[in-house]
Amino acid sequence: MPDEPAIARPAREAASVRSGQDWAAWLRQAYAARIPALQARRGELLTAVLTALVHLARRHGFAVERGDCVDSSGSFSWPTRRIRVPAGTVPAQAITALAHQFGHVLLHSHVARLDPGGTVPCAGLRKVEADSVAYLIVVHLGIATDAIVFPYVSSWAGTDPRARPAATLQTVTAQVLAAATTVTGYLDAELSRGCTPGRLTVTAAPEPPRRLLPPLKEVPPVPADDIIKVSKAAHTFFQDMMPASWVPGYLAARGFGTGVQQHWQAGHAPASWDALTRHLRALGFTDTVIQTSGLARPSRRGTLIDTFRNRAMLPIRSADGTVIAFIGRAPGCPRAGVPKYLNSPTTSLYDKSEILFGLWEARDAIAAGARPVIVEGPFDAIAVTIAGQGRFAGLAPCGTAFTARHTDALSRIADLPTAGVLVAFDPDPPGRRAAIRSYHLLSQLTVKTSAVMLPAGQDPAQILAGRSPEALAAILGDRAHPLADLVTDAELEQWTRWLDHAEGQISALRAVAPVVAAMPPAHVARQVARLSDRLGLDHATVTDAITGALPEVVARRPSPSTPEARANLPRPGPLVRTTAVSSEPTAASGPLLSGHSPTKRASLHRGGISA
């Protein structure tokens with residue numbers, strides 16, 4: 001078990017945990033007492049680890065099955081006592097999903113018992129707890145943690161000092177460590193017996209219920225050339241199926257005419273269980289190649305079924321234009337449990353955290369000076385490119401959050417310091433959070449980062465279809481504002497109810513100061529002026545607070561030698577005092593706040609809120 005000091009850290013240290021990367025580092029340090037015993041044999045033992053996890057689930061009274069899942073982390077149901085893992089996942093992905101569901105089972109079963117449907121909504125604090133359990137388990141196993149992304153700690157622990165966010169963080173840490181240690185302790189005990197992969201024996205485990213799958217097996221390695229060939233054949237098949245389908249009319253109604261459909265090489269996946277699989281077999285491709293490429297997956301009966309069925313299909317290309325994966329759009333408004341967009345699973349050639357949809361298609365426009373526009377979905381990317389007419393090029397993450405590897409891919413073909421980047425995510429809370437996350441990545445590459453204020457309830461594809469390409473182009477050109485404003489305002493909004501009081505204004509400033517201090521120097525002066533205006537404080541006071549936050553920001557920045565250094569934390573630069581308006585009084589030459597006594601001013605400087 002982790003030692004006590006690793007869990008119960010001082011409140012001041014806990015309060016310094018702010019970003020998702022901070023939280024991940026905090027968990028790793030708290031878990032440091034446990035030595036990852038399996039990393040040296042990771043490749044050899046993945047299947048055995050998965051087998052052991054399935055048996056552990058049975059010991060807790062849950063059967064494990066594979067099937068369609070809304071979320072890549074799977075689901076669990078208390079009434080049926082089942083854990084579902086997404087179909088088509090390789091062992092490392094299945095282990096991560098199972099570990100996430102163990103977090104729910106061990107920490108949230110009491111919530112599931114009270115829910116009428118016997119499920120736990122995977123959101124907010126509960127999602128963070130389950131992801132944290134999964135994070136520690138996969139770290140212990142030496143599996144990559146890229147699929148687990150934590151939000152800012154303030155989104156689930158709060159920021160109001162009266163709510164004691166540091167105490168919340170420590171409580172969650174203790175619960176997560178206990179749950180993760182339960183699982184890793186079991187794995188260590190079982191796998192230390194020298195079991196061979198796939199032959200782990202657990203005598204106390206009951207037989208799985210009928211119709212449930214056995215543990216997933218390792219997929220034999222397939223040459224990259226074979227995946228390219230089968231993907232090309234599937235692409236041709238989808239294009240051949242399109243003329244007689246509903247797809248041309250549907251795309252035309254969305255504002256994508258025949259020329260656009262041909263340019264983006266759209267297709268149709270038939271509403272059949274195995275039409276593509278049978279076609280590929282007839283061309284001589286083996287089931288192993290078809291499954292490994294992500295074009296098919298095993299059914300509950302063990303037969304292969306097509307991954308994409310009755311969907312409008314778009315190819316996803318690598319940097320050289322090779323088709324390596326697909327994204328499929330369901331018709332209309334799909335029923336509950338059916339994803340609107342479905343991406344190919346991860347393969348040896350395709351990782352959605354690296355590939356931006358539309359990047360290859362936009363290469364010429366970007367080279368000619370078009371401004372990259374990051375949007376949420378593939379139809380949004382196409383809509384922006386159509387409306388942009390060479391001024392804008394739409395790009396979309398393929399069903400995942402915008403990542404540092406996306407920025408790397410973009411920077412390889414775009415002169416970002418000159419062209420800049422525009423962000424046009426949906427105008428809802430998730431879209432706003434995604435925009436804020438993108439700032440911390442993009443601002444490391446260019447100071448020209450802007451966000452577009454889209455009309456409420458509309459995304460770029462809806463604007464194109466409902467209005468016109470000209471209307472969308474006008475919005476992209478006229479309604480952009482600095483993305484740094486959105487980052488500052490999001491942190492400041494948490495203090496809105498207290499901004500009528502001097503104490504609240506100072507506390508809000510202290511909360512926002514580290515956020516601004518982490519920005520590139522070119523963005524700081526504007527934020528100083530905006531904070532001064534919003535909080536009613538002089539520029540010198542705001543500048544002093546931001547300057548004082550720099551040591552904290554630098555201390556939280558990961559070492560360049562660690563994996564976290566390439567994550568999402570910005571690289572703060574020096575804050576020059578000349579960013580403030582020099583005519584404003586300084587804290588030393590004038591009062592901090594007019595009308596307050598020295599005692600009150602000292603209290604406010606310490607960040608306390610007077611009773």
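Use the structure listed above.
Reading guide: rules and limits
- Residues numbered from 1 in each chain as written.
- Predicted model: local features only at pLDDT ≥ 70, side-chain atom pairs only at ≥ 80, totals over all residues.
- Heavy atoms only, no water.
- Helix = DSSP H or I, 4+ residues; strand = E, 2+ residues; numbered from the N terminus.
- Contact = heavy atoms within 4.5 Å.
- 1 Å grid on protein atoms, 1.4 Å probe; cavity = no way out; pocket = protein on both sides within 12 Å on 5 of 7 lines; lining within 4 Å.
- Points joined across faces, edges and corners; volume = space filled by probe spheres on them.
- Nonpolar A, V, L, I, M, F, W, Y, C, P; charged D, E, K, R; others polar.
- Phe/Tyr/Trp six-rings, centres within 6.5 Å; stacked < 30°, edge-to-face > 60°.
- Lys NZ or Arg CZ within 6 Å of the ring centre and 35° of its normal.
- Pairing = 2+ DSSP bridges.
- Axes fitted to C-alpha atoms, helices over the stretch in contact; angles between N-to-C directions.
- Core = buried A, V, L, I, M, F, W, Y, C linked by side-chain atoms within 4.5 Å.
- Buried < 20%, exposed > 50% of the residue type's maximum accessible area, 1.4 Å probe, protein only.
- Salt bridge = Lys/Arg side-chain N within 4 Å of Asp/Glu carboxyl O.
- Parallel < 35°, antiparallel > 145°, perpendicular 65-115°, else oblique.
- Left-handed = near helix turned anticlockwise from the far one by under 90°.

(A) Molecular detail of the overall build of the protein chain. Along the protein chain, the regular secondary structure elements total 25 helices and 15 strands. In the protein chain, 70% of the contacts between residues at least 6 apart in sequence involve partners at least 24 apart.

(B) Main features of empty space enclosed by the protein. Tallying each qualifying case throughout the model produces three cavities of 30 Å³ or more. Breaking the lining of the second largest cavity down by element, the ones donating at least two residues are helix H11 (258-263) and helix H15 (378-388). Tallied by class, the residues present in the lining of the second largest cavity amount to eight nonpolar, one polar and no charged.

(C) Quick look at the packing of aromatic side chains. Throughout the structure, instances matching the rule amount to 11 aromatic pairs. Of the aromatic side chains, those joined through ring pairs into one cluster are Trp246, Tyr250, Phe256, Tyr341 and Phe379. Lying across the ring of Tyr341, Arg329 places its NZ or CZ 5.6 Å from the centre.

(D) Local environment of the sheet that holds strand S1 (residues 63-67). Pairing in this open sheet of three strands is mixed, and the strands run S1-S3-S2 from one edge to the other. Bordering the open sheet on either side are S1 and strand S2 (75-77), each of which pairs with just one other strand. Neighbour-to-neighbour, the strand axes of this sheet turn through a mean angle of 25°, independent of strand direction. In this structure, S2 lies alongside strand S3 (residues 82-86), joined through three bridges in antiparallel fashion. Counterpart to Phe76 in the pairing with S3 is Ile83.

(E) Looking closely at the nonpolar core. Judged by nonpolar contacts, the single largest core of 56 residues is most densely connected at Trp23 and Leu187. Every residue in contact with Trp23, bar those within four places of it in the chain, is listed here: Val17, Val128, Ser132, Phe150, Val153, Trp156, Leu169, Val172 and Thr173. In terms of nonpolar packing, the next biggest core, distinct from the first, is built from 54 residues, Ile374, Ala414, Phe425 and Ala517 among them.

(F) Just the environment of Val105, in detail. With respect to the helices, strands and loops of the structure, Val105 is situated in helix H5 (residues 91-114). Exposure remark for Val105: the relative accessible area of 9% places this residue in the buried category. On a C-alpha basis, the gap between Val105 and Ala130 in space is 8.9 Å, while along the polypeptide they are 25 residues apart. The contact partners of Val105, leaving out residues within four places of it in the chain, are Phe62, Phe76 and Ile83.

(G) Expanded view of the pattern of salt bridges. Applying the stated criterion across every chain yields a total of 12 salt bridges. Between Arg84 and Glu65 there is a salt bridge, with its nearest N and O atoms 3.2 Å apart. Pair noted here: Arg84 is in strand S3 and Glu65 is in strand S1, with a separation of 19 residues, a long-range link. Residue classification places Glu65 among the buried positions, given a relative accessible area of 6%. Two residues, Arg281 and Asp287, come together in a salt bridge whose shortest N-O distance is 2.8 Å.

(H) Representation of the sheet that holds strand S4 (residues 267-269). Strand order in the open sheet made by the four strands is S4-S7-S8-S9, with antiparallel pairing throughout. Looking along the sheet, the strands with just one partner apiece sit at the ends: S4 and strand S9 (341-343). Across the sheet, the axes of successive neighbouring strands diverge by a mean angle of 35°, strand direction being ignored. Each of S4, strand S7 (311-317) and strand S8 (323-329) is contacted by helix H9 (residues 224-241), which is oriented at about 35° to S8, the strand it contacts most.

(I) Structural view of the packing of helix H6 (residues 124-141) against helix H8 (residues 165-191). It is at 9 Å that the axes of H6 and H8 come closest, and there the two elements cross at 40°. By the angle between their axes, H6 is oblique relative to H8. Here the hand of the crossing between H6 and H8 comes out right-handed. Side by side, H6 and H8 meet where Leu125, Glu129, Ser132, Val133, Leu136, Ile137, His140 and Leu141 of the first sit next to Val172, Gln175, Val176, Leu177, Ala179, Ala180, Val183, Thr184, Leu187 and Asp188 of the second.

(J) How the structure looks around the pairing of S8. In terms of burial, S8 is a largely internal element, seven of the seven residues being buried. Pairing of S7 with S8 involves six bridges; the strand directions are antiparallel. Among the inter-strand pairings, Leu314 is bridged to a residue of S8, identified as Ile327. Where S7 folds back onto S8 in an antiparallel hairpin, the turn is made up of five residues, including Gly321, whose phi is positive at roughly 90°. Inspection of the sheet shows S8 paired to S9 by three bridges, in the antiparallel sense.

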